[in-house]
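Each chain is listed here by its residues.
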Amino acid sequence: MDSAPLFGKRILITRPKEQSASFVRLIEQYGGTPLVVPLLKIRHVRNKEKVKETLRHVHEYQWLVFTSQNGVSIFFDLLKDPSVNKKIKSTAKIAVVGDKTEKVLKEHGYSSILKPSVFTGEALLEELLKVVPKEEKILFVRGNLAKDTIPKGLKEQGLEVETITVYETVADRDKQKELDFLVKEEQMDAITFMSPSAVNAFCELVPYSQKENGRNLPLVCVGDVTGERAEACGFSERHIAHRASVDGMMKVLIHYFSKKRSD
């Protein structure tokens, strides 16, 4: 077992616990110890009045567009609010960005009529521009960190789009004590991030000004954008997984620690 590439290595996983099972399993399989500390939490927007006002007129929209599972879940939660108490029209057309978003939509009793073959906002925008006539109104449901690619692209082509932010992704301050302990007691050998927002949360919970701040630890993150954010937050040793998956992250971790053992 001590020949396993991650033997004795403690790897911080910052994803939500329900999304970390496969990552945990693979780290353990290769001899490591996974430390699961989700740094982000999802909450309803604090000021719901604008959202509720829009939802009271939800029947006026011919299209609903969702790009996340959280967007779907919270949208339907808000529709049930006694001050809204509305249902979307049976004739409403729904577009989703991918399979996971569609699965949550079906759990609420609805089906999508549009889903791109490539699960990106750009691909969904391209498909919407092919099928939505200019006289039909679109409601774009989002979180506070969502890109403007879709609503901006639709508006540029003369389509009528209303955007509502129904949830916020924020740093989970309930995890600060646990994270502080891991950093100050040097209980980690590497940190992993799947998104720039996770980097932001770490840097909010563990300020750079703090003596032990974890910025000296090797960091594995998905994509250049997350890597750039980590650099801006002061992480000196960054390793980029260009494949946005747990397998991609594992490949980088194994390569890094195998190389260190052989040096």
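Going by the structure above, here's the rest.
What comes next concerns the included structure. Fair warning: this is a prediction, and the values are worked out from it, not measured in the lab. (Residues numbered from 1 in each chain as written. Predicted model: local features only at pLDDT ≥ 70, side-chain atom pairs only at ≥ 80, totals over all residues. Heavy atoms only, no water.)

**A closer look at the sheet that holds strand β4 (residues 63-66)**
Stage number 1. Spatial strand order, β3-β7-β6-β4-β5: 5 strands in an open sheet with mixed pairing. Strands at the two margins of the open sheet, each flanked by one partner only, are β3 (40-44) and β5 (93-96). Ignoring strand direction, the axes of neighbouring strands in this sheet form an average angle of 25°.
Stage number 2. Running over the sheet, helix α4 (residues 99-107) touches β4 and β5 and is turned about 140° from β5. (Pairing = 2+ DSSP bridges. Helix = DSSP H or I, 4+ residues; strand = E, 2+ residues; numbered from the N terminus. Axes fitted to C-alpha atoms, helices over the stretch in contact; angles between N-to-C directions. Contact = heavy atoms within 4.5 Å.)

**Structural notes on the sheet that holds strand β1 (residues 10-13)**
Stage number 1. Strand order in the open sheet formed by 5 strands is β2-β1-β8-β9-β10, with parallel pairing between adjacent strands. Each edge of the open sheet carries a strand with a single partner, namely β2 (33-36) and β10 (238-241). Within this sheet the neighbouring strands show an average axis-to-axis angle of 25°, counted without direction.
Stage number 2. With 4 bridges joining them, strand β9 (residues 219-222) and β10 adopt parallel strand pairing. Within the sheet, the bridge partner assigned to Leu-219 lies in β10 and is Arg-238.

**As for the pairing of β9**
Stage number 1. Every second residue of β9 is oriented toward a common face, with Leu-219 and Cys-221 on one face and Val-220 and Val-222 on the other, all of them buried.
Stage number 2. Alignment of strand β8 (residues 190-193) against β9, held across 3 bridges, turns out to be parallel. Bridge assignment links Ile-191 to a residue of β9, and that residue is Leu-219. (Buried < 20%, exposed > 50% of the residue type's maximum accessible area, 1.4 Å probe, protein only.)

**Overview of the packing of aromatic side chains**
Stage number 1. Following the criterion strictly, the structure yields 8 aromatic pairs and no others.
Stage number 2. Seen from their ring centres, Phe-75 and Phe-76 are 5.2 Å apart, and the 90° between their planes marks the pair as edge-to-face.
Stage number 3. Judged by relative accessible area, Phe-75 falls into the buried class, the value being 0%.
Stage number 4. By relative accessible area, which is 5% here, Phe-76 ends up buried.
Stage number 5. Centre to centre, the rings of Phe-193 and Phe-202 are 5.8 Å apart; their planes meet at 75°, and the pair counts as edge-to-face. Here the two residues Phe-193 and Phe-202 agree in accessibility, since each one is buried.
Stage number 6. Lys-137 extends its terminal NZ or CZ atom over the ring of Tyr-61, reaching a point 4.9 Å from the ring centre.
Stage number 7. Between the NZ or CZ atom of Arg-215 and the centre of the ring of Phe-235, over which it lies, the distance is 5.4 Å. (Phe/Tyr/Trp six-rings, centres within 6.5 Å; stacked < 30°, edge-to-face > 60°. Lys NZ or Arg CZ within 6 Å of the ring centre and 35° of its normal.)

Spatial relationships are all this shows, so hold off on functional conclusions.
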